[in-house]
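A structural walkthrough
Below are the chains, spelled out letter by letter.
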Amino acid sequence: MREQLSLYLSRQATSLPRYVREQLIQAALGWVPGIVGIGLRAIAYRAILRMEGAAAIEDGVRLRFADNVRLGHGVYLDHGVYIHACPGGVSIGAGSLVMKNAILHVYNFRNLPHSGITIGARSLVGEGCILRGQGGITIGDDVYLGTLVQVLAVNHVFADTSRPISHQGITAQGISIADGAWVGSGAIILDGVRVGRNAVVGAGAVVTKDVPDYCVAVGNPARVVRDLRSDPMPAQQPGLVVY
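As a starting point, this report considers the structure included with it. The model shown is predicted, which means the values in this text are computed figures rather than measured ones.

Reading guide: rules and limits
- Residues numbered from 1 in each chain as written.
- Predicted model: local features only at pLDDT ≥ 70, side-chain atom pairs only at ≥ 80, totals over all residues.
- Heavy atoms only, no water.
- 1 Å grid on protein atoms, 1.4 Å probe; cavity = no way out; pocket = protein on both sides within 12 Å on 5 of 7 lines; lining within 4 Å.
- Points joined across faces, edges and corners; volume = space filled by probe spheres on them.
- Nonpolar A, V, L, I, M, F, W, Y, C, P; charged D, E, K, R; others polar.
- Salt bridge = Lys/Arg side-chain N within 4 Å of Asp/Glu carboxyl O.
- Helix = DSSP H or I, 4+ residues; strand = E, 2+ residues; numbered from the N terminus.
- Buried < 20%, exposed > 50% of the residue type's maximum accessible area, 1.4 Å probe, protein only.
- Pairing = 2+ DSSP bridges.
- Expected span 1.5 Å × (residues − 1).
- Contact = heavy atoms within 4.5 Å.
- Polar contact = N/O pair within 3.5 Å; in protein donor to acceptor, adjacent residues only side chain to side chain.
- Phe/Tyr/Trp six-rings, centres within 6.5 Å; stacked < 30°, edge-to-face > 60°.
- Lys NZ or Arg CZ within 6 Å of the ring centre and 35° of its normal.

Examining the layout of surface pockets
Summary: where empty space remains is shown by rolling a probe the size of a single water molecule over the atoms. For the largest pocket, the calculated volume is near 190 Å³. Lining of the largest pocket is provided by Arg11, Tyr107, Phe109, Arg110, Leu112, Arg132, Gln134, Val154, His156 and Ile170. The residue makeup of the lining of the largest pocket, split by class, is 5 nonpolar, 2 polar and 3 charged.

As for the pattern of salt bridges
Applying the stated criterion to the full structure yields 9 salt bridges. Notably, a salt bridge pairs Arg18 with Glu22, separated by 3.0 Å at the nearest N-O pair. Separated by 4 residues within a single helix, Arg18 and Glu22 lie in helix H2 (residues 16-29), roughly one turn from each other. Residue class for Glu22 comes out buried when judged on its relative accessible area of 1%. Where Arg70 meets Glu52, a salt bridge forms, and the shortest distance between an N and an O atom there is 2.8 Å. Here the residue Arg70 occupies a position in strand E4 (residues 69-71), and Glu52 occupies one in the loop between strand E1 (50-51) and strand E2 (56-57), the gap between them amounting to 18 residues. Given the relative accessible area of 31%, Glu52 is considered partly exposed. One continuous salt-bridge network, built from bridges that share partners, spans Arg50, Glu52 and Arg70.

Description of the sheet that holds strand E21 (residues 194-195)
The 7 strands are arranged E1-E4-E7-E10-E13-E18-E21 in an open sheet whose pairing can be described as parallel. The open sheet has two edge strands with one neighbour each: E1 and E21.

Brief notes about H2
If you check H2, its first and last C-alpha atoms are 20 Å apart, about what 14 residues at 1.5 Å a residue would give, namely 20 Å. Where H2 is buried, its residues contact helix H1 (2-10), helix H3 (34-44) and strand E3 (62-64). With a side-chain oxygen positioned 3.2 Å from the backbone nitrogen of Arg18, the residue opening H2 is Ser15.

Section: the packing of aromatic side chains
Taken as a whole, this structure holds 1 aromatic pair when the rule is applied. A ring pair is formed by Tyr8 and Tyr19, whose centres lie 6.4 Å apart and whose planes are at 80°; its orientation type is edge-to-face. Of this pair, Tyr8 sits in helix H1 while Tyr19 sits in helix H2; the two residues are 11 residues apart in sequence, bridging distant segments of the chain. Under the relative-accessibility criterion, Tyr8 is labelled partly exposed at 42%. Stacked on the ring of Tyr82, the Lys or Arg Arg62 has its end atom at 4.4 Å from the ring centre. The ring of Tyr107 carries Arg132 above its face, with NZ or CZ at 4.6 Å from the centroid.

Considering the pairing of strand E25 (residues 223-227)
The side chains of a regular strand alternate between both faces of the sheet. Note: strand E24 (residues 215-218) against E25, 4 bridges, orientation antiparallel. The partner of Val218 across the bridge, within E25, is Arg223. Linking two consecutive strands that pair antiparallel, namely E24 and E25, is a turn of 4 residues; a positive phi of about 95° is found at Gly219 within it.

Remember, this is a structural readout, not a statement about activity or role.
Next up, the structure:
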């Protein structure tokens, strides 16, 4: 029982005093709704995480290893967001938005050297996205992830048929998504991939290889179908309003 309790606590906070502090503050203020709750958390949560300027944290946001979380000025965390920032940490740049029920989970319990999640400025993580940062995830500025996107910087080894896959270990190469990219809803980005600057990943695509700068990739597995520099998109349809 003592071992199980120790294991649980080791996966919730950097120390027992930190666990107690983080849990007490979140229990006291994490449920308070509306602008009052956002204001209270903007002040009190500075005691458990690194906040640069003002950040808006809605009620129902859950934080673990909060001392490894950095929020830039103007960051918004929507209802139900879950951030687990065990060693390696989670850093969210100024003006970025993490929407309802998104999960940012570093999940490094194997001393992986490059774990962590870094999101640049003015980026959007859509509703229900899952980011798993064992191998490290780097997302640039002005990146949009549509709803239900998965960015999974980890993979399982499964070559040995004599052992369960869960006993064969993992690889964790990391994922990067460069400035200005757009990843469509439901897409899955697998470990070891780079999505280039201003690249587009179509909805539902499964990306197993790099997507070059300014290219469009679609399908499962994703393939590049257009280079926007040499083969630009046609003119907008007449009457189509761009906002």
